[in-house]
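# Breakdown of the fold
Here is what each chain is made of, one letter per residue.
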Amino acid sequence: MYGFEMMTFNIHGGFLEAIVRGHRSSLLTASDYNNLCQCETLDDVKMHLSATEYGPYLQNEPSPLHTATIVEKCTLKLVDEYKQMLCQATEPLSTFLEYITYGHMIDNVVLIVTGTLHERDVHELLEKCHPLGMFDSIATLAVAQNMRELYRLVLVDTPLAPYFSECITSEDLDDMNIEIMRNTLYKAYLEDFYQFCQKMGGATAEIMSDLLSFEADRRAVNITINSIGTELTRDDRRNLYSSFGLLYPYGHEELSLCEDAEQVRGALEKYPAYQSIFAKMSYGESQLLDKAFYEEEVKRLCLSFEQQFHYGVFFAYMRLREQEIRNLMWISECVAQNQKSRIHDSVVFIF
Amino acid sequence: METMKDEDGTILKFLDTMDNYLILFDSLSSTLRQGWLDLASARHSMGSSRISTALLNLKEHSASTVVRVNDETINETSGMEPHFTLRKWRTCEDKTNPIEEEEDVQGLLKQPSLNLRHRGFSETKEASNEPLVSVDDQVQKERSKALSVFGALVSPKLRSAQISFETVLETLIDIANARSVMLSTFEQLQQMKEQSN
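As named in an unreviewed UniProt entry, chain B is Vacuolar ATPase assembly protein VMA22, taken from Zostera marina.

As recorded in an unreviewed UniProt entry, chain A goes by the name V-type proton ATPase subunit, listed as coming from Zostera marina. Listed in UniProt under the heading Subunit (unreviewed entry), the comment for chain A reads: "V-ATPase is a heteromultimeric enzyme made up of two complexes: the ATP-hydrolytic V1 complex and the proton translocation V0 complex."

Laid out in structure tokens, this is it:
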């Protein structure tokens, strides 16, 4: 199972692993979140964040602040750190780091295509794209009328090209086709990333297979819950689930038949790993499912730092930062809407 | 004596309508807060790029919900009294058989409800359950269609935000009708006072 990474890992990856462990220590702690939860206004939030590593990114923002501004500047910090690591990475770490951004690339493609379908201005859509998912020809997406054109004109030269083979049709793009395209692309991306990590072997394969399997299972649950009561057929739903993960294949069979949240609970409680998630929720509390899954994910991501000499720490750091940004977004929204009693509904503490 | 009793009755009616008006305002405020929080929760769950103003549809399309002002309700003493009705989820394809909801004047005293209330035509009341089921299905389809700007598979939190904002629309119509009744009752009181003077 292990490839004696201890002997060779530090030659090319030691410096960046040290960098990412240093970044990890700057993640917000429970006391930081307690201070933020007591803020009365977004300016108070900015004041508390000025004492953290987000300070330089927020200090020049004028009042009144908006939640979207806080999220944008915090994301900018993550992007800067990522780019610093990417420019110093060698193969195969550079490819591994690029894989982490393909999910955002898919989201950006879908955003541009959906916005264009709704006759929105391309420049407005480009401003809303996630910076980690940008690529050179992204603006050209607005020209495509169907998936075949989307592939031929733009995506053939991007890293997403191999993922398009399962969803190329000549049908015009509409809301359902776009949603199926999004989930099919993400499924192909996750499977490809999983295979890449398996090829790397050693601790990277072991840790990443656990993290990616959890991601695949969580996606399957979200697809199931979000498709209840929609026109998505059971076969289409099953085709959107990934071909790996703890729930593959028997859990997927049960999930594809679920018609409500309680049936989803029944399907997942058979798996000990997910039993603990549902043990925290009583019947009817399906709205807390998101938070329960985020908490489980954070637990697994933090555990990956307990081992050395593997690339999983980079993936874990990026995901933990994204969780931190989600926390800051939620706290800012609750402060802005004067709903501080609801802050703890969705904040997930990392440390 | 009878005049005093009429005046007392009108004062009580005015106070009742004002109380209902204030209750409706309070209900509106709490439902709006819940709706905005559900929307933030949906954005937290699905991501900022999926719930964004940049995705709203700019294509020309008719409104799925309209407000109709009806001046035909005649008050005995003050004359014309505007009456507002909300027609939700009108389907463009089937304008001969639109999905409609009408707020009765008596319904002003009730809390806003999500249950469909049909017009007070006897044929509709005597109809079988089948039309009610198909109306519910059509309403659900229209709701899903409205949410499809954010994608075909959306979080349940976004759906509950939609329900909250729909309830807010109904409450606003209730408030408009309550205000109309309150103002006409106030005019009656003023007329009674002038007559007694």
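### Some words on the overall build of chain B
When helices and strands are tallied, chain B shows 4 helices and 4 strands. Counting all 197 residues of chain B, 38% fall into the buried class. Considering only contacts within chain B whose residues lie at least 6 apart along the sequence, 65% involve residues at least 24 apart. When the accessible surface of chain B is summed, it comes to about 11600 Å², and 55% of that surface belongs to carbon and sulfur atoms.

### Quick word on the interface of chain A and chain B
The partner chain B presents 30 residues to the 37 residues of chain A that form the contact. Buried surface at the junction of chain A and chain B, both sides included, amounts to about 3100 Å², of which 53% is carbon and sulfur. When the shortest N-O distance is used, the salt bridge between Glu333 of chain A and Arg43 of chain B registers 3.1 Å. Summed over the shared surface of chain A and chain B, the number is 17 residue pairs in polar contact (both at pLDDT 80 or more). Where the side of chain A that touches chain B is concerned, the elements lending two or more residues are helix 7 (93-117), helix 8 (122-128), helix 10 (175-200), helix 11 (202-227), helix 16 (289-304) and helix 17 (312-336) of chain A. Of the residues that constitute the side of chain A that touches chain B, the class distribution is 13 nonpolar, 12 polar and 12 charged.

### A look at the environment of Asp217 of chain A
All names here are of chain A. When you line up the elements, Asp217 lands in helix 11. For Asp217 and Asp175, which are 42 residues apart along the polypeptide, the C-alpha to C-alpha distance reads 24 Å. Engagement of the side chain of Asp217 in a polar contact is seen with the side chain of Tyr274, the distance being 2.4 Å.

### A closer look at the packing of helix 4 (residues 42-49) of chain A against helix 17 of chain A
Residues and elements named next belong to chain A. At a minimum axis separation of 9 Å, helix 4 and helix 17 run at an interaxial angle of 145°. Residues Leu42, Val45 and Leu49 of helix 4 pack against Leu328, Ser332, Val335 and Ala336 of helix 17. Tallied by class, the residues present in the contact of helix 4 with helix 17 amount to 6 nonpolar, 1 polar and no charged.

### What about the nonpolar core?
All names here are of chain A. Residues Phe96, Phe193 and Phe314 are the most contacted members of the largest nonpolar core, which totals 107 residues. With 14 residues, the top contributor of residues to this core is helix 17. Beyond its immediate sequence surroundings of up to four residues, Phe193 is in contact with Phe96, Tyr99, Ile100, Met208, Leu212 and Phe315. Core analysis: the second largest hydrophobic core is formed by 23 residues, Ala220, Val221, Leu255 and Met281 among them.

### Quick notes on the packing of aromatic side chains
Residue and element names in this part refer to chain A. One pass over the full model with this rule turns up 22 aromatic pairs over all chains. Both rings, one in Tyr189 and one in Phe193, keep their centres 6.0 Å apart while their planes meet at 20°; by these two values the pair is stacked. A residue pair is termed a helical-turn pair when its members lie 3 or 4 positions apart in one helix, as Tyr189 and Phe193 do in helix 10 at 4 residues. In this structure, Tyr189 and Phe193 share a single accessibility class: buried. Over the ring of Phe305 we find Arg24; its NZ or CZ atom is 4.8 Å from the centre of that ring. Residue placement shows Lys77 over the ring face of Tyr54; its charged tip is 5.7 Å from the ring centre.

### A word on empty space enclosed by the protein
Gaps between atoms show up when a probe of the same size as a water molecule is rolled over them. Across all of its chains, the model carries 5 cavities of 30 Å³ or more by this definition. There is about 90 Å³ of room inside the largest cavity. Residue lining of the largest cavity: 14 residues in total, with Val110, Thr114 and Arg182 of chain A together with Phe150 and Gly151 of chain B positioned closest to the centre. Of all elements in the fold, only helix 7 and helix 10 of chain A reach the threshold of two or more residues within the lining of the largest cavity. Across the lining of the largest cavity, the residue classes break down as 6 nonpolar, 3 polar and 5 charged.

### Concerning helix 17 of chain A
All names here are of chain A. Between the first and last C-alpha of helix 17 there are 36 Å, a value that for 25 residues agrees with the 36 Å anticipated at 1.5 Å per step. Most of helix 17 is tucked away, with 23 of its 25 residues classed as buried. Taken from the residues just after helix 17, Asn338 is the one with a positive phi, measuring 55°.

### What to know about the environment of Gly115 of chain A
Among the secondary structure elements, Gly115 of chain A is positioned in helix 7. In this structure the C-alpha to C-alpha distance between Gly115 of chain A and Gln307 of chain A, which are 192 residues apart in sequence, comes to 43 Å. Among all residues touching Gly115 of chain A, those that are not within four sequence positions of it are Arg120 and Leu125 of chain A together with Ala54 and Leu55 of chain B.

### Let's talk about the confidence of the model for chain B
All names here are of chain B. Considering every residue of chain B, the mean pLDDT works out to 77; 72% of them sit at 70 or more. Element-level mean pLDDT values for chain B span from 37 in helix 2 (residues 122-126) up to 92 in helix 4 (residues 156-196). Ignoring residues within four places in sequence, the model shows residues 92-129, a span with pLDDT below 50, making 55 contacts including any to other chains. The ipTM value of the predicted complex is 0.91, and its pTM value is 0.87.

### Examining a nonpolar patch on the surface
Residues Ile11, Leu15, Met18 and Leu22 of chain B make up a contiguous nonpolar surface patch of roughly 330 Å² in combined accessible area. Mapped onto the fold, Met18 of chain B is located in helix 1 (residues 2-46).

### Points about the environment of Leu22 of chain B
Tracing the backbone shows Leu22 of chain B in helix 1. As for Leu22 of chain B and Arg179 of chain B, which are separated by 157 residues in sequence, their C-alpha atoms are 10.0 Å apart.

### Here we look at the side chain of Asn226 of chain A
Along the chain, Asn226 of chain A turns up in helix 11. Sequence-distant contacts of Asn226 of chain A, defined by excluding residues within four places in its chain, comprise Leu153, Val154, Ser155, Pro156 and Arg159 of chain B.

### Let's talk about the pattern of salt bridges
Residue and element names in this part refer to chain A. Summed over all chains, the structure comprises 31 salt bridges over all chains. Notably, a salt bridge pairs Lys73 with Glu61, separated by 3.5 Å at the nearest N-O pair. Residue Lys73 is found in helix 6 (residues 67-88), and its partner Glu61 is found in the loop between helix 5 (55-58) and helix 6; the two are separated by 12 residues along the sequence. The buried category is assigned to Glu61, whose relative accessible area is 18%. Glu215 is the partner of Arg319 in a salt bridge, and the nearest nitrogen-oxygen pair spans 3.1 Å. Residue Arg319 is found in helix 17, and its partner Glu215 is found in helix 11; the two are separated by 104 residues along the sequence.

Calculation criteria
Residues numbered from 1 in each chain as written. Chains lettered and ligands numbered in written order. Predicted model: local features only at pLDDT ≥ 70, side-chain atom pairs only at ≥ 80, totals over all residues. Heavy atoms only, no water. UniProt positions renumbered as here; feature names shortened; annotations may be inferred. Helix = DSSP H or I, 4+ residues; strand = E, 2+ residues; numbered from the N terminus. Buried < 20%, exposed > 50% of the residue type's maximum accessible area, 1.4 Å probe, protein only. Contact = heavy atoms within 4.5 Å. Areas by Shrake-Rupley, 256 points an atom, 1.4 Å probe, with all protein chains shown as cover. Buried area = accessible area lost by both parts, 1.4 Å probe. Salt bridge = Lys/Arg side-chain N within 4 Å of Asp/Glu carboxyl O. Polar contact = N/O pair within 3.5 Å; in protein donor to acceptor, adjacent residues only side chain to side chain. Nonpolar A, V, L, I, M, F, W, Y, C, P; charged D, E, K, R; others polar. Axes fitted to C-alpha atoms, helices over the stretch in contact; angles between N-to-C directions. Core = buried A, V, L, I, M, F, W, Y, C linked by side-chain atoms within 4.5 Å. Phe/Tyr/Trp six-rings, centres within 6.5 Å; stacked < 30°, edge-to-face > 60°. Lys NZ or Arg CZ within 6 Å of the ring centre and 35° of its normal. 1 Å grid on protein atoms, 1.4 Å probe; cavity = no way out; pocket = protein on both sides within 12 Å on 5 of 7 lines; lining within 4 Å. Points joined across faces, edges and corners; volume = space filled by probe spheres on them. Expected span 1.5 Å × (residues − 1). pLDDT = per-residue confidence, 0-100. Patch = residues over 30% accessible without salt bridge, like charges linked within 9 Å, V, L, I, M, F, W, Y side chains within 5 Å.

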